[in-house]
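The lines below spell out each chain.
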Amino acid sequence: MSLIEVKDLQVHFPIRSGFWNRITDQVKAVDGVSFKINAGETFGLVGESGSGKTTTGRAVVGLEKATGGQILYQGENIALNKPKERLNYNQNVQMIFQDSLSSLNPRKRIETIIAEPLRNFQKLDSETEKIRVLQLLDIVGLGPDALYKYPHQFSGGQRQRIGIARAVATNPKLIIADEPVSALDLSVQAQVLNFLKKIQREFGVSYLFISHDLGVVRHMCDRLAIMNHGRLVEVGSRDDIYNHPLHIYTQRLLEAIPQVDVRHRQERQQERLRIEKIYQEQKNDYYDQAGMAYPLVQVSQTHFVALPPQAASKRKLTAQGVD
Ligand SMILES: Nc1ncnc2c1ncn2[C@@H]1O[C@H](COP(=O)(O)OP(=O)(O)OP(=O)(O)O)[C@@H](O)[C@H]1O
Ligand SMILES: [Mg+2]
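Because the structure is a prediction, the values reported are computed rather than measured.

(A) Representation of the overall build of the protein in the model. A count of helices and strands for the protein gives 12 helices and 12 strands. Against the 2.2 N^0.38 benchmark of 20 Å for 323 residues, the protein shows a C-alpha radius of gyration of 21 Å, consistent with a compact globule. Dimensions of the protein along its principal axes, counting C-alpha atoms only, are 65 × 55 × 50 Å. Taking all 323 residues of the protein together, the buried fraction comes to 36%. Contacts spanning at least 24 positions in sequence make up 67% of the contacts within the protein whose residues lie at least 6 apart.

Structure (structure tokens):
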């Protein structure tokens, strides 16, 4: 059984306008998204700005109400949870937020910020609590002098590590890491990613790793999904996505990864232009009349692609119920 299973998740936001402030339309931020995350694995969710990644993460952690679909935690629908199960879920599913400055309360000291989840879920005496906070700071490479400081006294990378310490405080089973490194310098990015990996090795936590950059998630994820306008266009193993991308949008995202290697710059530039030309020529085939991606079709044991109906019937696997 998967640790978490998201089934046909929809999150729609109403748009209000006019004198009466009536609902006149809706933003379909998430529109029929399904995926599973297994215990101890890192599942990437990648897509450009506005594709619905954060909204998906917030819905999984319970900060956003689903308009439709289900979220199953260890096989149980979380919407049907009783208060005690809800508490258990909240303790086991934590989030690291995209913007570390606004997600840490500026008026609270680091000690209080990190102790907050402990206070919510575990009744520790103040001595034990302090020891635990110090341990958590140590896990993310910060010393005891951090305890009495405020968030603004830290750099972006340090603040993101404080967010990580807070997220791991309750020993969760799943952490939703929303763009945990995108606001950081390249050198600091690697450092924070290494902390996340170390924590996974030590505690066996699963990650839902959200990013707009396929380059960043490459070495983090076991499997990943590509999101586009509220839908998934491709889901697969790291090898499926990076070496055998089938959806035109995935191919285009891959071409957009910045290259450090200068030697093949010209060839890369040509390849990028070639993919962009194919994208412009073929993009209409990959989306329906409303501009939405088609439903996912399974093309191998691990690989799912949102192919147009004609192409889908050619590639569809007959095997049913394969994970
Ligand atoms: N509370 C809200 N009310 C109305 N619309 C919203 C709300 N939250 C998000 N949206 C809209 O939903 C869509 C998806 O937003 P979301 O923040 O999930 O995207 P994202 O993929 O995380 O983007 P980014 O990479 O910029 O963080 C956007 O069009 C956004 O404007
Ligand atoms: Mg976001």
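(B) Broad picture of the pairing of strand β2 (residues 22-37). For strand β1 (residues 4-17) and β2, the ladder comprises 12 bridges, and the chain directions are antiparallel. Residue pairing for β2: Glu-5 is matched across the bridge by Lys-36. What sits between β1 and β2 in their antiparallel hairpin is a turn of 4 residues, with Gly-18 showing a positive phi close to 85 degrees.

(C) A look at the environment of Ile-257. Within the secondary structure layout, Ile-257 lies in the loop between α10 (248-255) and α11 (265-286). For Ile-257, a count of 14 C-beta atoms within 10 Å puts it in the partly exposed group. Separated by 116 residues in sequence, Ile-257 and Gly-141 place their C-alpha atoms 30 Å apart. Contacts of Ile-257, omitting those with residues within four sequence positions, involve Leu-214 and Gly-215.

(D) How the structure looks around the site of ligand 1. Residues in close proximity to ligand 1 total 13 residues, the closest being Phe-13, Ala-29, Ser-49, Thr-54 and Thr-55. For the shell around ligand 1, the elements supplying multiple residues, two or more each, are β2 and α1 (53-61).

(E) Summary view of the confidence of the model for the protein. Summing up the model confidence of the protein, the mean pLDDT is 90 and the portion of residues at 70 or higher is 97%. Here residues 318-323 is modelled with pLDDT under 50, and outside its nearest four sequence neighbours on either side it reaches 3 contacts, counting other chains as well.

(F) Up close: the packing of helix α4 (residues 110-121) against helix α5 (residues 126-139). Interaxial distance between α4 and α5 falls to 10 Å at its minimum, and their mutual angle equals 110 degrees. Relative to α5, α4 is oriented roughly perpendicular. Contact with α4, carried on its side by Glu-111, Ile-114, Ala-115 and Leu-118, involves Glu-129, Arg-132, Val-133 and Leu-136 of α5 and no other residues of that element. Partitioning the contact of α4 with α5 into residue classes produces 5 nonpolar, no polar and 3 charged.

(G) Seen up close, the UniProt feature "domain: ABC transporter" (unreviewed entry) in the protein. Per the UniProt entry, the sites bearing "domain: ABC transporter" (unreviewed entry) are residues 4-254 in this numbering. End C-alpha atoms of residues 4-254 are separated by 27 Å, and the span's content is 39% helix alongside 28% strand.

(H) Highlighting the nonpolar core. In this structure, Ile-114, Ala-165, Leu-174, Leu-208, Phe-209 and Leu-232 are the most contacted members of the largest nonpolar core, which totals 78 residues. With residues near it in sequence (within four places) discarded, Leu-208 still touches Ile-37, Phe-43, Leu-45, Gly-57, Val-60, Leu-174 and Ile-176.

(I) The environment of Val-168, seen in detail. Residue position: Val-168 is located in helix α6 (residues 156-168). C-alpha separation for the pair Val-168 and Ile-96, spaced 72 residues apart in sequence, amounts to 9.4 Å. Setting aside residues up to four positions removed in sequence, Val-168 forms contacts with Leu-136, Ile-139, Ile-199 and Phe-203.

The rules behind these values
- Sequence order as written defines the numbering, with residues in each chain counted from 1.
- Think of it this way: whatever chain is written first is A, whatever ligand is written first is 1, and the rest follow in order.
- Owing to the predicted nature of the model, reporting of local features is limited to residues with pLDDT of at least 70; listing and counting of side-chain atom pairs is limited to 80 or more, with chain, interface and lining totals taken over all residues.
- Every helix listed is a DSSP run of H or I at least four residues long, and every strand listed is a run of E at least two residues long, numbered separately from the N terminus.
- Here the globule rule reads 2.2 Å times residues to the power 0.38, and the radius of gyration is calculated from C-alpha atoms.
- Exposed residues have 12 or fewer other C-beta atoms within 10 Å of their own C-beta, buried residues have 20 or more, and residues in between are partly exposed; the C-beta atoms are placed from the backbone.
- We call two residues in contact whenever the C-beta atoms placed from their backbones are within 7 Å.
- Note on pairing: DSSP must find at least two bridges between two strands before they are called paired.
- Throughout this description, a residue near a molecule or strand is one whose C-beta atom, derived from the backbone, lies within 6 Å of it.
- Confidence scores labelled pLDDT are given residue by residue by the predictor and lie between 0 and 100.
- Between N-to-C directions, angles span 0 to 180 degrees; the directions come from axes that are lines fitted to C-alpha atoms, helices contributing only their stretch in contact.
- The cut-offs work like this: below 35 degrees is roughly parallel, past 145 is roughly antiparallel, 65 to 115 is roughly perpendicular, and the gaps in between are oblique.
- Any residue outside Ala, Val, Leu, Ile, Met, Phe, Trp, Tyr, Cys, Pro, Asp, Glu, Lys and Arg is labelled polar, Gly included; the first ten of those are nonpolar and the last four are charged.
- UniProt positions are given in the numbering used here, feature names are shortened, and annotations may be inferred rather than shown by experiment.
- A set of buried residues drawn from Ala, Val, Leu, Ile, Met, Phe, Trp, Tyr and Cys, joined through C-beta atoms within 7 Å, is what defines a nonpolar core.

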